[in-house]
Each structure stands twice: as structure tokens, then as C-alpha cells.
Amino acid sequence: MQALRAVAIAMVLLFHFGSGIDAFGGGFVGVDVFFVISGFLISGHLLAELDRTGRVRLGAFYARRARRLLPASLSVLLLVGAMVPVVLPRSEWGDAGRSIFAAAFYAMNLYAAYLTSLGGQSAFADLPTVHYWSLSAEEQFYLLWPPLILLAVGVASWSRRRGRAVSSVFAVGTALVVVAAISFVAALVWTWHDHPVAFFVTVTRVWEFAAGGLVALLLRRWAPGPAAATAMRWIGLLLILPGSLLLVLPDVIPGPDVLPAAAMFPAPLALPAVLGTALVILAGGTRPGTMLDRIVAWRPTQWLGLISYSVYLWHWPLIPLAENLIGQMGGSVRLVLLALALGLGHVWQRWVEDASRYVPGMRESTRMTLWAAAAGMLLVGAVGLLLSIAGGG
């Protein structure tokens, strides 16, 4: 899984730091790869808990997510908030502060969609925390998915009591298929009518998380043989990597107003990356001794996958903040910023992500974790609010 994360973050980094290079123009689909991975892992954890205990403890689930995600994300927001008055002109404090506030409460995707509806991409492009939109969509999915699993399991249990043989796996799978279908249709319609806003809203992305969940369910019943796994793995990678180049091809929508391929995103053009990621996960581990296995096991690949979350948090703020300091950036400056993002990601992964999971007392106490998470979000939200007020917002 680390290698797949490495592919995803590499695509995002090339997209943002390789500005002006057409070959990297579809790299933003790396986020869609992350969405499928998240849906797969979270569904697997929830189903495993159901197997062990027969229930899902929502409080413990959200506490685990808080320990995993919030220390790194909130600390980056806090430091970005501290840099804003130093780097940005006062006229931009308000916009930056509001974006930090939205990111602190995992509503950045909704805020970005709102700004897009008002003024297009230029309305949010320079915000230092706009990349939190994907984390916001992910957290909003996490609010939906565990209760939905509990509802599906409850329906299966109720059916069995009434003499109908309905398994929990079947009920959960049916719920996932229904949710995925509704979300994909909504994504198609919304993308056609207003693709810039459709890019951000959670309802157009739920089908991607659901695809990962369906993979987790399928692997409980079936696994491919060696030959099929090899074929699925390569097909999946071809869908993820060269498939993303579709998004830089011009003039693919006929009509009076010819639109670029990205105007068909997230639906249907996120579909190749989503299917490709699902195939790679279904294929499982690589065969020992093969070329792909050597690439997967390569230490830099594993390292990049390990630090991918922290690198994602840090990589984008560096670009707008640096542009305010030095103006237009050339390739050498972007390479320096890329190296800085990787270095900060390494430090944050080791000393914030990992260290925060083992704070004495926190891991054993769901209540303490949730109170600490709420306090951290309120603190960072207050910083964003103060910046907004100071900037005249």
C-alpha cells in the first residue's frame, strides 16, 4: 500500500511543482487514488471490528482517526497561520484566515466550492490551505460511512430474525453499491452543469471512497490467482498513470463551447484512476523477484509512501507563500521547494504523526482524544478567525 501511496503523492507533487509541463497536467488524479485507498482501508478496519466484536464503536473509530490525522494537519495549519502575517500583505490576511478556519473544521472543500461559484478558479487558487479540500471530503465521508455500515448490518440482522437469510457482508455491499451509484450519477450531472464546483463537493466523490470499500468486501470472498493478479496490476497502473494524461488533451467535448478534458472531471474522467487503483489493490502484493516487486520494495518508494500524508500537508502552502516573497518562480526554485516539502514531510511524519499516536493516556481514552481534538480545532479555527478580522474580513 505504501507504493500506491507513493504513486499518488508523486503525481500530486509533479502536478503542482511541474507547473507548465503538460505531461504532469493530469497529476491531480493522485488525490483520487488516495480516496480509493482510504475507502479500502477504512472499510477493512470497520469490517474487521464487526467480525471481532459484532459492532462498531463510533466514538473509538473517530478517536482513532483524530489521533492519526489531526496532530499533523492542525500543526501545519497553525504554522501557516503564523506565517501569513509575515509573508502576505494585509489585504490577503482575510482570505487566508477564512481558509484556515474552514480547513480546521474540515470544510475547505465546501468553502472552495463556494468561492468557485462566486469567481471561478482565481477565487481560491492562491489560498495556502486550499489543498485541504481533499482532506475535508475524506473526513465528511468518514462521518457518513460508519453509521451506514451499522444501518446495513442492522437491516441484515432484522431480516434474519424474520426468517430471511441476508448476510451482513451482502447488506453492506448493497449499501455501498447504492451509495456509489447515486454519487456517480450525481457527479455526472453536476460535472456537466458546473464542473468547477463539482470538483470539490463531497457528494461527487463518495463513489470513489465506495469503490475502495467494495474492494475490501470483494477480497473477503475472492482473490485473483498469480497470472490474473499480474495482469490486473499492470492494467491498473496503466489506467492510473497514462490514463491521467487524458486530462491534458484539449477539445474533447463537442458543442458550441468546446471544453478541455478536465471539464469532465470528476465524472466520468476520474473513472480510469479509480478503476486502476481498485485493480492494483485487488491484485495484492507483487511477485517476489519481478521488476515491479523491486520498484515496490525500493527504499525510496516505501519512504515516499510512508511520508505521503505529511508531504501532502506541507507541499502546497510553500508555493503561494514563496510566490508572495519572491514573485514568479523558475524551475530551480520549485525544485528547492519540492525538496523542502519532502524534508518537512519526513520530519512531520516521524515527530508529529507517529509521536502523537502514543501520547500517554490518549490512546487508551476515547473521551480524552475527542476533547483534545475539539480543543485543537477550536484553537486553529480561532487563529483563522483572528486573521480574518485583522485583514478586514
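Procedures and definitions
Residues numbered from 1 in each chain as written. Predicted model: local features only at pLDDT ≥ 70, side-chain atom pairs only at ≥ 80, totals over all residues. Heavy atoms only, no water. Salt bridge = Lys/Arg side-chain N within 4 Å of Asp/Glu carboxyl O. Buried < 20%, exposed > 50% of the residue type's maximum accessible area, 1.4 Å probe, protein only. pLDDT = per-residue confidence, 0-100. Contact = heavy atoms within 4.5 Å. Phe/Tyr/Trp six-rings, centres within 6.5 Å; stacked < 30°, edge-to-face > 60°. Helix = DSSP H or I, 4+ residues; strand = E, 2+ residues; numbered from the N terminus. Lys NZ or Arg CZ within 6 Å of the ring centre and 35° of its normal. Patch = residues over 30% accessible without salt bridge, like charges linked within 9 Å, V, L, I, M, F, W, Y side chains within 5 Å. Areas by Shrake-Rupley, 256 points an atom, 1.4 Å probe, with all protein chains shown as cover.

1. Observations regarding the pattern of salt bridges
Overall, the coordinates contain eight salt bridges when judged by the stated rule. Here Arg57 makes a salt bridge to Glu49, at a shortest N to O gap of 3.9 Å. You can call Arg57 partly exposed: its relative accessible area is 44%. Taking the shortest distance from any N to any O, the salt bridge between Arg205 and Glu208 comes out at 3.2 Å. Each member of the pair, Arg205 together with Glu208, is buried. One network of salt bridges, in which partners are shared, links Asp32, Arg205 and Glu208.

2. A word on the confidence of the model for the protein chain
When pLDDT is averaged along the protein chain, the result is 88, and 91% of the positions lie at 70 or above. Ignoring residues within four places in sequence, the model shows residues 250-259, a span with pLDDT below 50, making 13 contacts including any to other chains.

3. So, the packing of aromatic side chains
Counting across every chain of the model gives 17 aromatic pairs. Consider the rings of Trp133 and Phe200, whose centres lie 5.5 Å apart with planes at 90 degrees: the pair is edge-to-face. Of the two residues, Trp133 sits in helix α6 (residues 132-161) while Phe200 sits in the loop between α7 (168-198) and α8 (206-218), which places them 67 residues apart along the sequence. Overall, Trp133 belongs to the buried group, its relative accessible area being 8%. We classify Phe200 as buried; its relative accessible area is 5%. Centre to centre, the rings of Phe141 and Trp145 are 6.3 Å apart; their planes meet at 25 degrees, and the pair counts as stacked. Of this pair, Phe141 and Trp145 both sit in helix α6, four residues apart, which is roughly one turn of the helix. The ring of Phe199 carries Arg205 above its face, with NZ or CZ at 4.7 Å from the centroid.

4. Notes on a nonpolar patch on the surface
Side chains of Phe101, Phe105, Leu378, Leu385 and Ile389 sit close together on the surface and give an oily, nonpolar patch of about 480 Å² of accessible area. No other element matches the three residues that helix α15 (residues 366-390) contributes to the nonpolar patch. Along the chain, Leu385 falls in helix α15. Leu385 gets classed as partly exposed once you look at its relative accessible area, which sits at 44%.

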